[in-house]
Amino acid sequence: MAAAPPVYVYSPEYVALCDSLCKVPKRASMVHSLIEAYSLLDQMTIVKPKVASMEEMASFHTDAYLQHLQKVMTVQLRKGSLSMQQLWEEPPSLQPSACWMASARDEASGFCYLNDAVLGILRLRQKFDRVLYIDLDLHHGDGVEDAFSFTSKVMTVSLHKFSPGFFPGTGDVTDVGLGKGRYYSVNVPIQDGIQDEKYYQICETVLKEVYAAFNPDAVVLQLGADTIAGDPMCSFNMTPEGVGKCLKYVLQWELATLILGGGGYNLANTARCWTYLTGVILGRTLCSEIPDHEVPMGCPPASLSQPETSLLTLLSSSLQFFTEYGPDYVLEITPSCRPDRNEPQRIQEILNSIKGNLKHVV
């Protein structure tokens, strides 16, 4: 029997709400339109996201915090903004526009108000005994790690930049979890300039040890694009091909896998990256030349997200993204000349420490 096609979580309304986020305006439409331009949607099952109930969100967040957010949202709506509504969506499956994973149970953090990654893991835990969370975003996955730091049923693995003054300032190799969750938090601190080959070697080495020690039943994989060369974070020096190799390594486990987006502030490169990774998931080799395309009908730019905007205006609005991929108009991203600050001896020390810690996992 042929394997079921991947599920892609999408609706025009959801994309429009994601587009209104001030940190990444119109990013969701740009990503979706490029995925569509490469004719990848036909190979996936499209599922419309549902609005999460207060009860579902309270499986992690405190009632007082949710009530406060609801109050803030009401005020924002009265002022004519829909930006807060995106927070109430709970994407249940493959969703490149999702992953706001830095927030805690009772506070916002790092542009994140509700931790959809944690909510997704909790949903998976209803069916799967052991869930592995892998965070390949530039920033430490502190919100998810903290949520499960006391349990042995969820292991968190985060590869991230770790440097004085860099947000969130946590995630040293010595951060390993607490209580029953001790040694179930795995942190891989990395310095600026790392490129594909070294990053993949580190990722593969760590994940091989993690898989053998933890034996997960399901995986949640966060693939932030702020590690890619050209991102305004100006830190790592990777390309989608390097992230894609890490994705392939996880997919070859053939486990139930929820794949999320994350950071990524060079919008064109983020769209390139997540489109390429969608191709990896589907086993498709994408042509180098980016197809000419525009925003799908019904996905307005962020500037048209006001409640009073007429439906006719929303449906007729069309914004060309193709020119954003100039001057080369290709899918590939070229690394910069940024020097690699990761010393081989220090990387080996980190890997040895992780291997030693994982020996305690049962």
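Residues numbered from 1 in each chain as written. Predicted model: local features only at pLDDT ≥ 70, side-chain atom pairs only at ≥ 80, totals over all residues. Heavy atoms only, no water.

Looking now at the sheet that holds strand 6 (residues 218–222). Reading across from one edge, 5-4-3-6-7 is the order of the five strands in this open sheet, with parallel pairing throughout. If you trace the sheet from one side to the other, it starts and ends with strand 5 (185–190) and strand 7 (256–260), each paired once. When strand polarity is set aside, the average angle formed by the axes of neighbouring strands in this sheet is 10 degrees. Set on the sheet, helix 8 (residues 240–251) makes contact with strand 3 (131–135), strand 6 and strand 7; between it and strand 6 the angle comes to about 170 degrees. (Pairing = 2+ DSSP bridges. Helix = DSSP H or I, 4+ residues; strand = E, 2+ residues; numbered from the N terminus. Axes fitted to C-alpha atoms, helices over the stretch in contact; angles between N-to-C directions. Contact = heavy atoms within 4.5 Å.)

Take the environment of K248 next. Of note, K248 is situated in helix 8. The exposure class of K248 is partly exposed, given its relative accessible area of 49%. Each C-alpha atom, one on K248 and one on V280, is 7.2 Å from the other, the two residues being 32 residues apart in sequence. (Buried < 20%, exposed > 50% of the residue type's maximum accessible area, 1.4 Å probe, protein only.)

Moving on, we come to the packing of aromatic side chains. Summed over the entire model, instances satisfying the criterion amount to six aromatic pairs. Between Y249 and W253, the aromatic rings sit 5.8 Å apart at their centres with planes inclined by 70 degrees, giving edge-to-face as the arrangement. The exposure class of Y249 is buried, given its relative accessible area of 14%. Taking the relative accessible area as the measure of exposure, W253 reaches 9% and is therefore buried. For the ring pair F322 and Y329, a centre distance of 4.7 Å and an interplane angle of 20 degrees mean the geometry is stacked. Residue Y329 is classed as partly exposed on the basis of its relative accessible area, which comes to 26%. The rings of Y211, Y249 and W253 are connected pair by pair, giving a single aromatic cluster. A cation over a ring is seen here: K23 above Y265, with NZ or CZ 5.3 Å from the ring centre. Above the plane of the ring of F166 lies K161, whose end atom (NZ or CZ) is 4.5 Å from the centre. (Phe/Tyr/Trp six-rings, centres within 6.5 Å; stacked < 30°, edge-to-face > 60°. Lys NZ or Arg CZ within 6 Å of the ring centre and 35° of its normal.)

Within the secondary structure layout, H140 lies in the loop between strand 3 and helix 6 (142–147). Sequence spacing of H140 and F167 is 27 residues, and the spatial spacing of their C-alpha atoms is 7.9 Å. Contacts of H140, omitting those with residues within four sequence positions, involve E145, S158, H160, P168, T170, G171 and N187. Within the local environment of H140, its side chain forms a polar contact with the side chain of E145, the two groups lying 2.8 Å apart. Separated by 2.6 Å, the side chains of H140 and T170 make a polar contact. (Polar contact = N/O pair within 3.5 Å; in protein donor to acceptor, adjacent residues only side chain to side chain.)

Attention shifts here to the pattern of salt bridges. A full pass over the atoms with the stated rule returns seven salt bridges. A salt bridge links E56 to K50; the shortest N-O distance between them is 2.7 Å. Owing to a relative accessible area of 23%, E56 belongs among the partly exposed residues under this scheme. Given a relative accessible area of 39%, K50 falls into the partly exposed group. The partner of R272 in a salt bridge is D328, and the shortest N-O contact between them spans 3.5 Å. Of the two residues, R272 is situated in helix 9 (residues 267–282) and D328 in the loop between helix 10 (311–316) and helix 11 (344–358); the sequence distance between them amounts to 56 residues. In this structure R272 comes out as buried when scored by relative accessible area, which is 6%. Taken together, the shared-partner salt bridges connect K50, E56 and R123 into one network. (Salt bridge = Lys/Arg side-chain N within 4 Å of Asp/Glu carboxyl O.)

Here five bridges tie strand 6 to strand 7, and the two strands are oriented parallel to one another. What sits directly across from V220, in strand 7, is L258.

Axis separation between helix 7 (residues 196–214) and helix 11 bottoms out at 10 Å; the angle between their running directions is 5 degrees. Taken together, the axes of helix 7 and helix 11 lie roughly parallel to each other. Touching I202, T205, V206, E209, V210 and A213 of helix 7 are I347, L351, I354, K355 and L358, all from helix 11. Counted by class, the contact of helix 7 with helix 11 contains eight nonpolar, one polar and two charged residues. (Parallel < 35°, antiparallel > 145°, perpendicular 65-115°, else oblique. Nonpolar A, V, L, I, M, F, W, Y, C, P; charged D, E, K, R; others polar.)

This next bit is on helix 2 (residues 27–37). Where burial is concerned, most of helix 2 is hidden: nine out of the eleven residues are buried. Among the residues making up helix 2, those that are buried are R27, A28, S29, M30, V31, H32, S33, L34 and I35. Where helix 2 is buried, its residues meet strand 1 (7–9), helix 1 (12–19) and helix 9. Where helix 2 terminates, the next one or two residues include S39, which has phi positive at roughly 55 degrees.

Bringing the side chain of S33 into the picture now. Positionally, S33 belongs in helix 2. A polar side-chain atom of S33 sits 3.0 Å from the main-chain carbonyl oxygen of M30.

Glancing now at unusual backbone geometry. With an omega of 0 degrees, the peptide bond running from F167 to P168 counts as cis. Following the sequence through the fold, P168 ends up in the loop between strand 4 (154–161) and strand 5. At the junction of G326 and P327, the peptide bond is cis and its omega measures out at 5 degrees in the coordinates. Along the chain, the position of P327 falls in the loop between helix 10 and helix 11. Located in the positive-phi region is K26, a residue other than glycine, with phi close to 70 degrees. Take K26: it is sitting in the loop between helix 1 and helix 2. Non-glycine residue Y183 carries a positive phi angle of around 80 degrees. For Y183, the location among the structural elements is in the loop between strand 4 and strand 5.

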